[in-house]
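Fold and geometry: a report
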Amino acid sequence: MASVSLQLISFSEQISQGAEARIFKAQVTSDSKPVLLKHRFKKKYRHEALDATLTKARVAGEARTLLKCLKAGVHVPQILVVDASEGILGIEWIEGQCVRKLLPGGEEPEEGEVDPPSTGPQQSLDEYGLTIGKLMELIGAELAKLHKADIVHGDLTTSNMMLRHPSAFTSSTKQDVPTELVLIDFGLSFVSTLVEDKAVDLYVLERAFASTHPDSEPMFASVLQAYERALTAREWKAVKNRLDDVRLRGRKRSMVG
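This structure is a prediction, so every number in the text was calculated from the model and none was measured. (Residues numbered from 1 in each chain as written. Predicted model: local features only at pLDDT ≥ 70, side-chain atom pairs only at ≥ 80, totals over all residues. Heavy atoms only, no water.)

1. Re the overall build of the protein
- Within the protein one finds seven helices and ten strands.
- Of all 257 residues assigned to the protein, the portion counted as buried reaches 44%.
- Accessible surface for the protein amounts to roughly 14200 Å². Of this, 55% is attributable to carbon and sulfur atoms. (Helix = DSSP H or I, 4+ residues; strand = E, 2+ residues; numbered from the N terminus. Buried < 20%, exposed > 50% of the residue type's maximum accessible area, 1.4 Å probe, protein only. Areas by Shrake-Rupley, 256 points an atom, 1.4 Å probe, with all protein chains shown as cover.)

Dropping the structure here:
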């Protein structure tokens, strides 16, 4: 008999697919809030027993990382369903927009990504009450919280960050509505106390900015400034020095080819 989570997927809308997983928008009941289901499907090129073990471990690991993030005050989706044996993780559906689409140059989907159907006019940062500078501050502050909790995302891009839409909050006045940046997709995340791993995390994001958004150097500099403000002088010096080393290694690899 199929599990409840697999049955839920069969009645859900698939919105994207990558090499490791399919993403679905599910509705448990007609009047309930939607749920995002991430299904790590079976890989036929792997031995069945090995595939089952790896899938179970990765789903459980991603769930543990999200829980650790929530305990540390990092804005991530709430966990709603965990079915590790079937490779399914169900999390809160974030009503909003990914940061990639709200910044210059990021309108086109990335390779392997399928955008969900449009439910209204194209959104802009004005709709969220933000400037680009303020958004960069939110990103830097959130990444600092993440790294201070010794969590490395592993795939930081502007596609893996979302702004929660103001309409998702129930504040009585517009002034009370917060702006929340939510980090998503922790499939490659891990726990590490190493400065090297945190510096690489930042470098991955820097390269993502450069490849997706034109003239992104000032934007990423603002991210680092906000990140620095959340750390002690000693912590920031260690990360900055290691980030400079990682950048140098990256340039050398680019020249070698």
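2. Concerning the confidence of the model for the protein
- Chain-level statistics for the protein give a pLDDT mean of 87 and a share of 85% at 70 or above.
- The spread of mean pLDDT over the elements of the protein runs between helix H1 (residues 4–10), the lowest at 70, and strand S7 (residues 151–152), the highest at 98.
- Contacts of residues 116–121 to residues separated by more than four positions or lying in other chains number three contacts, the stretch itself having pLDDT below 50. (pLDDT = per-residue confidence, 0-100. Contact = heavy atoms within 4.5 Å.)

3. Re the nonpolar core
- Among the nonpolar cores identified, the biggest contains 49 residues, and Leu 135, Ile 139, Leu 143, Leu 163, Leu 181, Leu 183 and Phe 209 are the most heavily contacted of them.
- Here the element with the most residues in this core is helix H4 (residues 132–148); it accounts for seven residues.
- Counting residues domain by domain, this core receives three or more from each of domain 1 (1–93) and domain 2 (94–116 + 123–257).
- With residues near it in sequence (within four places) discarded, Leu 135 still touches Val 99, Leu 103, Leu 125, Leu 130, Leu 163 and Leu 181.
- Counting seven residues, the second-largest nonpolar core is a separate cluster that includes Leu 8, Ala 26, Val 35 and Ile 88. (Core = buried A, V, L, I, M, F, W, Y, C linked by side-chain atoms within 4.5 Å. Domains from an automatic or database assignment.)

4. Side note on the sheet that holds strand S1 (residues 13–17)
- With antiparallel pairing, the five strands of this open sheet are ordered in space as S1-S2-S3-S5-S4. Lying at the two open borders of the sheet, with one neighbouring strand each, are S1 and strand S4 (79–83). The sheet shows a mean angle of 20° between the axes of neighbouring strands, direction not considered.
- Pairing geometry for strand S2 (residues 22–26) and strand S3 (residues 35–39), over five bridges, is antiparallel. From the neighbouring strand, Ile 23 faces S3, where its bridge partner is Lys 38. (Pairing = 2+ DSSP bridges. Axes fitted to C-alpha atoms, helices over the stretch in contact; angles between N-to-C directions.)

5. Brief notes about unusual backbone geometry
- Phi angles above zero are rare outside glycine, and Asp 185 is one such case at about 60°.
- With respect to the element layout, Asp 185 can be found in the loop between strand S9 (181–183) and strand S10 (190–191).
- On the accessibility criterion, Asp 185 (33% relative accessible area) is partly exposed.
- The backbone phi angle of Asp 215 is positive, close to 50°, even though this residue is not glycine.
- Along the chain, Asp 215 falls in the loop between helix H5 (195–212) and helix H6 (217–229).
- The exposed category is assigned to Asp 215, whose relative accessible area is 69%.

6. Observations regarding the environment of Ile 79
- With respect to the helices and strands, the residue Ile 79 is situated in strand S4.
- Excluding anything up to four places from it in sequence, Ile 79 contacts Ala 63, Leu 66, Leu 67, Leu 89, Gly 90 and Ile 91.

7. Focus on the pattern of salt bridges
- All chains considered together, the criterion is met by 18 salt bridges.
- Here the salt bridges do not stand alone but share partners, grouping Glu 20, Lys 38, Arg 40, Lys 43, Arg 58, Glu 62 and Asp 185 into one network. (Salt bridge = Lys/Arg side-chain N within 4 Å of Asp/Glu carboxyl O.)

8. Quick look at the sheet that holds S9
- In space, the three strands of this open sheet follow the order S6-S8-S9, with antiparallel pairing throughout. Looking at strand neighbours, the two that pair on one side only are strand S6 (96–98) and S9, the edges of this open sheet. The sheet shows a mean angle of 30° between the axes of neighbouring strands, direction not considered.
- In the sheet, strand S8 (residues 161–164) pairs with S9 via three bridges, with the strands oriented antiparallel. Among the inter-strand pairings, Met 161 is bridged to a residue of S9, identified as Leu 183.
- Contacts between H4 and the sheet are confined to S8 and S9, with S9 contributing the most and set at about 45° to the helix.

9. Some words on the packing of aromatic side chains
- With the rule as written, the count across this model stands at two aromatic pairs.
- Between Tyr 227 and Trp 236, the ring centres sit 6.1 Å apart and the planes meet at 65°, which makes this aromatic pair edge-to-face.
- Its guanidinium or amino end placed over the ring of Phe 41, Arg 22 lies 4.3 Å from that ring's centre, counting from NZ or CZ.
- The side chain of Lys 43 reaches across the aromatic face of Phe 41, ending 4.5 Å from its centre. (Phe/Tyr/Trp six-rings, centres within 6.5 Å; stacked < 30°, edge-to-face > 60°. Lys NZ or Arg CZ within 6 Å of the ring centre and 35° of its normal.)

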